[in-house]
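Coordinates in review
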Amino acid sequence: MLMSYIQKIGWFVGLVLLQVLILNNVHIAGYATPFLYIYLLLKFESTVSRNELMLWAFSLGLIIDIFSNTSGMNAAAAVFLAFMRPLLLRVFMTRDAEIFVPGIHSMGFSSFLKYLLAGVLLHHIFLISLEFFSFASLGIVLIRIIASTLLTTVCLLALEGIRR
């Protein structure tokens, strides 16, 4: 139990540093920015309570917001993702496993890809909609959502492949 929390704190610190120091400065074609910090939220065990996950999400998003000067947008999007995660797991889990860590090996590649894509898309829709706070330039909002979702999903799949 203690070792699990130490690993989570290690991932927390590592993903925050990666996001703040490197990835916040990556803007591909001015539209796509990878948000790898949500990997921690998507990889929690299936038995973690929604409240605990939302507390982790708020802490993670708030730290990202403090260093990125984004006034709570990442915290709100991360908490929204944490709130929706149990539903995503129920929808995309094909087996009847009670305790598992979402991943390619536990869910299968197809189910994990759908789970990952849905989670990243929900996070990005919420985050980018908050960032623009207007649908006056709907085309740009949609391009940023799609481009960032695809880039983040590819990066998360690469991270998942490296981790195993």
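Below you will find a few notes about this structure.

Thresholds, definitions, all that
Residues numbered from 1 in each chain as written. Predicted model: local features only at pLDDT ≥ 70, side-chain atom pairs only at ≥ 80, totals over all residues. Heavy atoms only, no water. Helix = DSSP H or I, 4+ residues; strand = E, 2+ residues; numbered from the N terminus. Contact = heavy atoms within 4.5 Å. Buried < 20%, exposed > 50% of the residue type's maximum accessible area, 1.4 Å probe, protein only. Expected span 1.5 Å × (residues − 1). Arc of directions from axis to C-beta.

If you trace the backbone, Arg 144 turns up in helix H7 (residues 138–163). Ignoring sequence-local partners within four residues, the contact set of Arg 144 consists of Tyr 31, Ile 128, Glu 131 and Phe 132.

What follows deals with unusual backbone geometry. At Ala 29, a residue that is not glycine, the phi angle is positive and equals roughly 60°. Given the relative accessible area of 67%, Ala 29 is considered exposed. One non-glycine residue with positive phi stands out, namely Ser 71, at about 45°. Along the chain, the position of Ser 71 falls in the loop between helix H3 (50–68) and helix H4 (73–92). Assessed through its relative accessible area of 70%, Ser 71 is described here as exposed.

Moving on: helix H1 (residues 2–21). Here H1 is 20 residues long and its end C-alpha atoms lie 28 Å apart, about the 28 Å a rise of 1.5 Å per residue gives. Taken together, the buried positions of H1 are Lys 8, Phe 12, Leu 15, Val 16, Gln 19 and Val 20. Down the axis of H1, the smallest arc covering the buried residues is 115°, so these residues share one side. Exposed residues on H1 whose side chains face more than 90 degrees from its buried face are Leu 2, Met 3, Gln 7 and Leu 21.

From the geometry alone we can't say anything about function, so treat these as descriptive.
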